[in-house]
Amino acid sequence: MACFPFGFFFWFFCAFKYFLRSFHDTGAGAGAAALSACGGPSTAGNTTATGAADVDFSGVKPAASIDFWSNHPGKSQDVEKAIIEKFHAKFPEIKVNLVTAGANYEEIAQKFQTSQAAKSGLPGLVVLSDVWWFRYYSNGNIIALDGLIKQLDIKVDDFQKSLIADYKYADKQWALPYGRSTPLFYYNKDHFKAAGLPDRAPKTWQEFAEWAPKLKESSGAQYAYIYPALAGYAGWTLQNNLWGWGGSWSNEWNFNCDSAESVAALQWAQDSIFKAKWAGVSSKEAADDFAAGITSSTISSTGSLLGVLKSAKFNVGVGYLPGGPKNESPVCPTGGAGLGIPSGVSKEVQLAAATFLKFMTEPENTAQFSAATGYMPTRTSADMTAVLAKTPQIKTAMDQLAVTRVQDNARVFLPGADQEMAKSAAAILTQQGDVKATMTALKATLEGIYTKDVKPKLKS
């Protein structure tokens with residue numbers, strides 16, 4: 001991959017500036033990131049508390065052992081173990097203990113916060129998701145990596161520009177990109193063929209609505225389309241629908257989830273389930289439902305791609321996310337996670353963690369991680385030739401990043417907002433709740449979170 005257009009998830013007044021710039025900086029190659037990582041809104045002062053002060057690691061000897069906390073994004077436990085074994089062969093003086101710290105980003109975040117409160121049991125290296133890392137920064141839970149980057153000669157210029165910038169804030173680097181993705185539209189090629197449909201993803205949701213009855217009639221599947229599990233990442237994937245209708249969770253710090261456009265988008269989604277009856281909602285994991293043949297199509301992370309291709313007993317197609325009546329593109333958010341180093345551990349542990357962090361994100365290892373999971377390589381020099389020859393579907397995911405969009409502030413900058421969006425989505429899509437009333441209530445909740453937890457930290 002070469003350059004990426006979106007991903008500078010900075011605060012509100014930078015987002016629009018970068019959005020304009022991105023159309024001139026797409027580059028020759030493209031890539032897809034994983035569930036997303038973003039920068040946070042500007043905060044006032046507190047640089048010492050947030051670990052912004054440069055740490056001197058001269059004369060420090062790396063610790064003999066560190067814990068690496070991961071939720072194994074994209075079912076990556078085996079490849080993580082393999083990369084750790086290679087690390088041990090090169091750096092036998094540092095032992096890396098791979099710890100399953102949660103089944104998803106939320107669980108690992110809760111465990112990390114609990115350890116912070118207890119001031120014990122912290123890891124040397126931890127996976128940071130898009131909706132959590134800014135909290136760690138503002139609370140002083142992670143250190144700036146700049147001193148370690150310089151000391152260990154980590155080639156930050158070789159990282160995909162937008163992905164490395166996602167973690168750069170206040171002129172400091174707070175994490176390095178790890179498992180990065182976008183959502184993809186997955187479809188059952190066999191079902192589409194049987195229904196007489198084109199072998200491609202629909203260009204818009206309106207086009208898919210025309211296809212859906214044919215799919216349901218000819219495929220024998222329970223659903224033509226299944227929405228991703230709401231408790232997981234409803235706030236992430238539903239941005240696709242909101243943006244397609246010209247709505248959003250928020251426009252900068254204007255919370256417009258109750259706008260006519262946003263309400264229309266979610267009303268359409270509700271109608272696809274309760275009125276048209278061709279769609280459903282996954283109870284656990286949409287990618288697994290799709291691979292099992294329960295549905296003819298779904299949206300899921302690129303990080304699910306390898307698992308779907310392995311388990312599905314049919315021909316799998318992937319495509320860009322569908323657009324809507326107001327916008328056909330860009331309607332795809334980036335997503336994913338990075339790796340950061342806690343501030344509450346010793347310099348020795350931090351140096352050992354950084355040594356492993358450098359190794360984990362080397363071009364060869366990021367290509368290996370991508371080949372095993374479907375997440376995109378974060379380094380421009382990573383050789384993906386063999387991976388693409390074996391799994392050409394990854395190319396679609398890589399190309400889609402050229403038409404991605406910065407996530408809404410409300411989703412990535414407000415503590416707990418993702419869970420509130422999931423609750424509202426559940427009320428609408430599983431309980432057939434009144435869309436306008438639900439979104440009006442959500443707006444009040446989001447404004448409350450902003451006023452209490454974010455606005456006091458914004459620079460005037």
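Residues numbered from 1 in each chain as written. Predicted model: local features only at pLDDT ≥ 70, side-chain atom pairs only at ≥ 80, totals over all residues. Heavy atoms only, no water.

A. Expanded view of the nonpolar core. Formed by 114 residues in total, the largest nonpolar core has its most connected members in Phe 68, Phe 185, Phe 208 and Leu 414. The leading source of residues in this core is helix 13 (residues 347-360), at nine residues. When sequence neighbours within four positions are dropped, the list of residues in contact with Leu 414 reads Trp 253, Phe 255, Asn 409, Leu 446, Ile 449, Tyr 450 and Val 454. Among the nonpolar cores identified, the runner-up in size contains 20 residues, and Leu 305, Val 308, Val 318 and Met 398 belong to it. (Core = buried A, V, L, I, M, F, W, Y, C linked by side-chain atoms within 4.5 Å. Buried < 20%, exposed > 50% of the residue type's maximum accessible area, 1.4 Å probe, protein only. Helix = DSSP H or I, 4+ residues; strand = E, 2+ residues; numbered from the N terminus. Contact = heavy atoms within 4.5 Å.)

B. Just unusual backbone geometry, in detail. Here the bond from Ser 329 into Pro 330 is cis, since omega is 0°, no more than 30 degrees from zero. Looking at the secondary structure, you find Pro 330 in the loop between strand 12 (316-319) and strand 13 (332-333). Even without a glycine there, the phi angle at His 72 is positive, about 55°. Summarising the element assignment, His 72 is placed in the loop between strand 2 (65-70) and helix 2 (77-90). Phi angles above zero are rare outside glycine, and Lys 119 is one such case at about 55°. Mapped onto the secondary structure, Lys 119 falls in the loop between helix 3 (105-118) and strand 4 (125-129). The exposure class assigned to Lys 119 is exposed, which follows from its relative accessible area of 74%.

C. Looking closely at the packing of aromatic side chains. Taken as a whole and assessed by the stated rule, the structure comprises 35 aromatic pairs. Between Phe 185 and Phe 208, the aromatic rings sit 5.9 Å apart at their centres with planes inclined by 75°, giving edge-to-face as the arrangement. Of this pair, Phe 185 sits in strand 8 (residues 183-188) while Phe 208 sits in helix 8 (residues 205-219); the two residues are 23 residues apart in sequence, bridging distant segments of the chain. Here the basic side chain of Arg 135 rests over the ring of Trp 132, its NZ or CZ set 3.8 Å away from the ring centre. (Phe/Tyr/Trp six-rings, centres within 6.5 Å; stacked < 30°, edge-to-face > 60°. Lys NZ or Arg CZ within 6 Å of the ring centre and 35° of its normal.)

D. Layout of helix 3. Look at helix 3: 20 Å from first C-alpha to last across 14 residues, which is about the 20 Å you get at 1.5 Å a residue. Those residues of helix 3 that sit buried are Tyr 105, Glu 106, Ile 108, Ala 109, Phe 112, Ser 115 and Gln 116. The N-cap residue of helix 3 is Asn 104: its side-chain oxygen and the backbone nitrogen of Glu 106 are 3.1 Å apart. (Expected span 1.5 Å × (residues − 1). Polar contact = N/O pair within 3.5 Å; in protein donor to acceptor, adjacent residues only side chain to side chain.)

E. Spatial organisation of the pattern of salt bridges. On inspection of all chains with the given rule, the structure shows 11 salt bridges. In this structure, Asp 153 and Lys 155 form a salt bridge, with 2.9 Å as the shortest nitrogen-oxygen distance. Taking the relative accessible area as the measure of exposure, Asp 153 reaches 43% and is therefore partly exposed. With its nearest N and O atoms 3.0 Å apart, the salt bridge here joins Asp 399 to Lys 395. Of the two residues, Asp 399 and Lys 395 are both situated in helix 16 (residues 393-400); the distance of four residues between them amounts to about one turn of the helix. What you see here is one network of salt bridges that share partners, running through Asp 130, Arg 411 and Asp 418. (Salt bridge = Lys/Arg side-chain N within 4 Å of Asp/Glu carboxyl O.)

F. Region of the structure containing the sheet that holds strand 3 (residues 95-100). Here five strands make up an open sheet; going across it, the order is 3-2-4-14-7 and the pairing mixed. The open sheet has two edge strands, strand 3 and strand 7 (176-177), and neither has a second partner. Bridging between strand 4 and strand 14 (residues 337-340) involves four bridges; their strand directions are antiparallel. Note on strand 14: the bridge partner recorded for Ser 129 is Ala 337. Strand contacts of helix 13: strand 2, strand 3, strand 4, strand 7 and strand 14, with the helix running at about 55° to strand 2, the strand carrying the most contacts. (Pairing = 2+ DSSP bridges. Axes fitted to C-alpha atoms, helices over the stretch in contact; angles between N-to-C directions.)

G. Seen up close, helix 18 (residues 417-429). The terminal C-alpha atoms of helix 18, which comprises 13 residues, lie 18 Å apart, in line with the 18 Å expected from a rise of 1.5 Å per residue. Within helix 18, burial applies to Ala 417, Asp 418, Met 421, Ala 422, Ser 424, Ala 425, Ala 427, Ile 428 and Leu 429.

H. Highlighting the layout of surface pockets. Estimates place the volume of the largest pocket at around 1100 Å³. Every residue lining the largest pocket is counted, 39 residues in all, and those nearest its centre are Gly 74, Lys 75, Ala 103, Glu 285 and Ser 304. When contributions to the lining of the largest pocket are tallied by element, the ones reaching two or more residues are helix 2, helix 3, helix 9 (230-244), helix 11 (286-291), strand 11 (297-301), helix 12 (305-311) and helix 14 (363-373). When its residues are assigned to classes, the lining of the largest pocket shows 17 nonpolar, 15 polar and seven charged. (1 Å grid on protein atoms, 1.4 Å probe; cavity = no way out; pocket = protein on both sides within 12 Å on 5 of 7 lines; lining within 4 Å. Points joined across faces, edges and corners; volume = space filled by probe spheres on them. Nonpolar A, V, L, I, M, F, W, Y, C, P; charged D, E, K, R; others polar.)

I. Up close: the pairing of strand 11. In terms of burial, strand 11 is a largely internal element, five of the five residues being buried. One ladder, built from five bridges, connects strand 8 with strand 11; its direction is antiparallel. Residue pairing in the sheet places Pro 183 in a bridge with Ser 301 of strand 11.

J. A look at the side chain of Ser 70. As for its placement among the helices and strands, Ser 70 is situated in strand 2. Residue classification places Ser 70 among the buried positions, given a relative accessible area of 0%. Reaching out from Ser 70, the side chain makes a polar contact with the side chain of Glu 80 at a distance of 2.8 Å. Residues within four places of Ser 70 in sequence aside, it is in contact with Glu 80, Leu 98, Val 99, Thr 100, Ala 101, Gly 102, Ile 108 and Val 127.

K. Seen up close, the side chain of Ser 76. Looking at where Ser 76 falls in the secondary structure, it is placed in the loop between strand 2 and helix 2. Those residues in contact with Ser 76 that lie beyond four places of it in its chain are Phe 369 and Thr 373.

L. Seen up close, the packing of helix 18 against helix 19 (residues 435-454). It is the contact of helix 18 with helix 19, at a shortest axis distance of 10 Å, that shows an interaxial angle of 170°. Here helix 18 lies roughly antiparallel to helix 19, going by the angle between them. Residues Ala 417, Glu 420, Met 421, Ser 424, Ala 427 and Ile 428 of helix 18 form the contact with helix 19, whose participating residues are Val 435, Thr 438, Met 439, Leu 442, Thr 445, Leu 446 and Ile 449. Partitioned by chemical class, the residues of the contact of helix 18 with helix 19 number nine nonpolar, three polar and one charged. (Parallel < 35°, antiparallel > 145°, perpendicular 65-115°, else oblique.)

M. Just the confidence of the model for the protein, in detail. On average, residues of the protein carry a pLDDT of 86, and 87% of them reach 70 or more. Counting contacts from residues 1-52, a segment whose pLDDT is below 50, to residues more than four positions away or on other chains yields 189 contacts. (pLDDT = per-residue confidence, 0-100.)

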